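Chain by chain, the residues:
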Amino acid sequence: MSQQEWFDRDFYAALGVPSTASAEEIKKAYRKLARELHPDANPDNTEVEERFKKVSEAHAVLSDPAKRKEYDRMRRLYRSGAFTGTGFPPRAGSGGFDFGDLFGSGSPFIVGDPLGGVGDVLGDLFRRAGTRTASARPRRGSDVETETRLSFREAVAGMVLPLRVSGPMVCTSCHGSGTRPGTRGTGSIVDAPCPDCQGAGIGDRTRTVSVHVPPGVSDGQRIRLPAQGEPGLGGAPSGDLYVTVRVDPDPVFARSGNDLTVTVPVSFAELALGTMLSVPTLEGQVGVKIPPGTQSGRTFRLRGRGVPHRGDAAGDLLVTVEVAVPPDLGHEAAEALRAYARAEATGGFDPRAGWADGK
């Protein structure tokens, strides 16, 4: 892909945001598209996978304030015809174009480099287009962000998650040198470029990384994988990969810090007379003794039955009992309940005694 073709790309359109979008709007747009287009959600769909790569590429530039600033500035220059009246000037003796020549020392467009090291930035931005610039200095690779979704119980227990990631990676054929395998050397001009990456040393591909999810990971928590982001330039280290974990709610359990909570429906008779209640935990059922006269809404604490946490003891399981009122009573149950109500009144029990007196 030529640099002119690269400039014609609209990263804002790829993410579906205007050029005035804030960093938070760009982040939200990327996350939404990444979930929809992720290869795991669209297996064997090459068209969607290609769009996912373009979205990832757009986010890699627009999420970096320095890259976005230079991208915007250079696109304005390009559209205004500041480079040439009809296109890009050729590099002497090659018929190609080199931003290192245009924006390097001695360039007629640069006086004291007012664009702030634009040759380095362009060398970074254009590395996927197969261009090597003479002025590019070593630059650490960009960090990459992605998301994964776990069930509630997977998040509590922890796991090793195989995660598919698409984006720029060091070329596996030339190992980043940009030269055809079997040849030597690297430089600003590659005489025998690698046929797989066209001399860039970097290519887009999909890989699988193992993410060690610690037990007790919470919704929205980020896991950092060092040196698993975009590759660096000129021998500089790779960026990091940040995986944001999204946790699906559980139909039985909820979470409060490292404690698990569960609400167990019970009958009035069970609370009034007492019972041995079977309660679910993450490891199976356990028995909880409910003493006679227990009030609806009371919470029992089962120590060590909550969320495990590195370096700390596991949290507790908080069991709340709540009376379930039958929506329809049969004839016999209704008569028995009326008899109980009469006996209750005779015994002097008034559930609202003193309730409205402020006592």
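This one's a predicted model, so the numbers in the text were calculated from it and none came from an experiment.

Draft legend 1. Examining the overall build of the protein more closely. The helix and strand inventory of the protein stands at 10 helices and 11 strands. Counting over 359 residues, the protein shows a buried share of 40%. Looking at the protein alone, contacts between residues at least 24 apart form 61% of all its contacts between residues at least 6 apart. Carbon and sulfur atoms provide 51% of the accessible area of the protein, an area that totals close to 19800 Å².

Draft legend 2. Spotlight on the pattern of salt bridges. Counted by the stated rule, this structure contains 18 salt bridges. Between Glu-335 and Arg-338 there is a salt bridge; the shortest N-O distance is 3.0 Å. In this pair, Glu-335 and Arg-338 are both assigned in helix 10 (residues 331–346), 3 residues apart and thus about one turn of the helix distant. Judged by relative accessible area, Glu-335 falls into the partly exposed class, the value being 38%. The network of salt bridges with shared partners includes Arg-31, Arg-35, Glu-145, Glu-147, Arg-222 and Arg-246.

Draft legend 3. Inspection of the state of the cysteines at higher detail. Counted under the stated rule, the structure contains 0 disulfides. Here Cys-171 stays free of any disulfide, with the sulfur of Cys-174 as its closest cysteine sulfur at 3.8 Å. According to the relative accessible area criterion, Cys-171 is buried, its value standing at 7%. No disulfide involves Cys-194; its nearest neighbouring cysteine sulfur is the one of Cys-171, lying 3.9 Å away.

Draft legend 4. Geometry of the packing of aromatic side chains. Applying the stated criterion to the full structure yields 3 aromatic pairs. Ring geometry for Tyr-12 and Tyr-71: centres 6.3 Å apart, planes at 45 degrees, overall tilted. One end of the pair, Tyr-12, is in helix 2 (residues 11–15); the other, Tyr-71, is in helix 5 (residues 65–79), and 59 residues separate them in sequence. Across the pair, Tyr-71 and Tyr-12 agree in class, each one buried. Taken together, the ring pairs in this structure connect Phe-11, Tyr-12 and Tyr-71 into an aromatic cluster. One Lys or Arg, Arg-222, reaches over the ring of Tyr-242 and ends 4.3 Å from the middle of that ring.

Draft legend 5. Layout of the sheet that holds strand 7 (residues 259–266). An order of 6-7-11-10 is seen for the 4 strands of this open sheet, with the pairing classed as mixed. Edge positions in the sheet fall to strand 6 (254–256) and strand 10 (299–302), since each has one partner strand and no second. Mean inter-strand twist for the sheet, computed between neighbouring axes without regard to direction, equals 30 degrees. Pairing geometry for strand 10 and strand 11 (residues 317–323), over 4 bridges, is antiparallel. Its bridge partner being in strand 11, Leu-302 is matched across the sheet by Leu-317.

Draft legend 6. Looking closely at the sheet that holds strand 5 (residues 241–247). Across the sheet, 3 strands lie side by side as 1-5-4; this open sheet has mixed pairing. Of all the strands in the sheet, the pair left with one neighbour each is strand 1 (144–150) and strand 4 (222–225). Neighbour-to-neighbour, the strand axes of this sheet turn through a mean angle of 25 degrees, independent of strand direction. For strand 1 and strand 5, the ladder comprises 7 bridges, and the chain directions are parallel. By the bridge assignment, Glu-145 is partnered in strand 5 with Tyr-242. In the packing of helix 3 (residues 23–37) onto the sheet, contacts are made with strand 1 and strand 5, and the angle to strand 1 comes to roughly 50 degrees.

Draft legend 7. Layout of unusual backbone geometry. If you check the backbone angles, Asp-44 has positive phi at about 65 degrees while not being a glycine. Tracing the backbone through its elements, the reader meets Asp-44 in the loop between helix 3 and helix 4 (46–62). Backbone geometry at Ala-227 places phi at a positive 60 degrees, although glycine is not the residue there.

Draft legend 8. Main features of the packing of helix 3 against helix 4. In contact at an axis separation of 10 Å, helix 3 and helix 4 are set at 160 degrees when each is read in the N-to-C sense. Here helix 3 lies roughly antiparallel to helix 4, going by the angle between them. Considering the relative orientation of helix 3 and helix 4, their crossing is left-handed. In this structure, helix 3 contributes Ile-26, Tyr-30, Leu-33, Ala-34 and Leu-37 to the contact, and helix 4 contributes Val-48, Arg-51, Phe-52, Val-55, Ser-56, His-59 and Leu-62. Among the residues forming the contact of helix 3 with helix 4, the class breakdown is 9 nonpolar, 2 polar and 1 charged.

The rules behind these values
- Residues numbered from 1 in each chain as written.
- Predicted model: local features only at pLDDT ≥ 70, side-chain atom pairs only at ≥ 80, totals over all residues.
- Heavy atoms only, no water.
- Helix = DSSP H or I, 4+ residues; strand = E, 2+ residues; numbered from the N terminus.
- Buried < 20%, exposed > 50% of the residue type's maximum accessible area, 1.4 Å probe, protein only.
- Contact = heavy atoms within 4.5 Å.
- Areas by Shrake-Rupley, 256 points an atom, 1.4 Å probe, with all protein chains shown as cover.
- Salt bridge = Lys/Arg side-chain N within 4 Å of Asp/Glu carboxyl O.
- Disulfide = S-S within 2.5 Å.
- Phe/Tyr/Trp six-rings, centres within 6.5 Å; stacked < 30°, edge-to-face > 60°.
- Lys NZ or Arg CZ within 6 Å of the ring centre and 35° of its normal.
- Pairing = 2+ DSSP bridges.
- Axes fitted to C-alpha atoms, helices over the stretch in contact; angles between N-to-C directions.
- Parallel < 35°, antiparallel > 145°, perpendicular 65-115°, else oblique.
- Left-handed = near helix turned anticlockwise from the far one by under 90°.
- Nonpolar A, V, L, I, M, F, W, Y, C, P; charged D, E, K, R; others polar.

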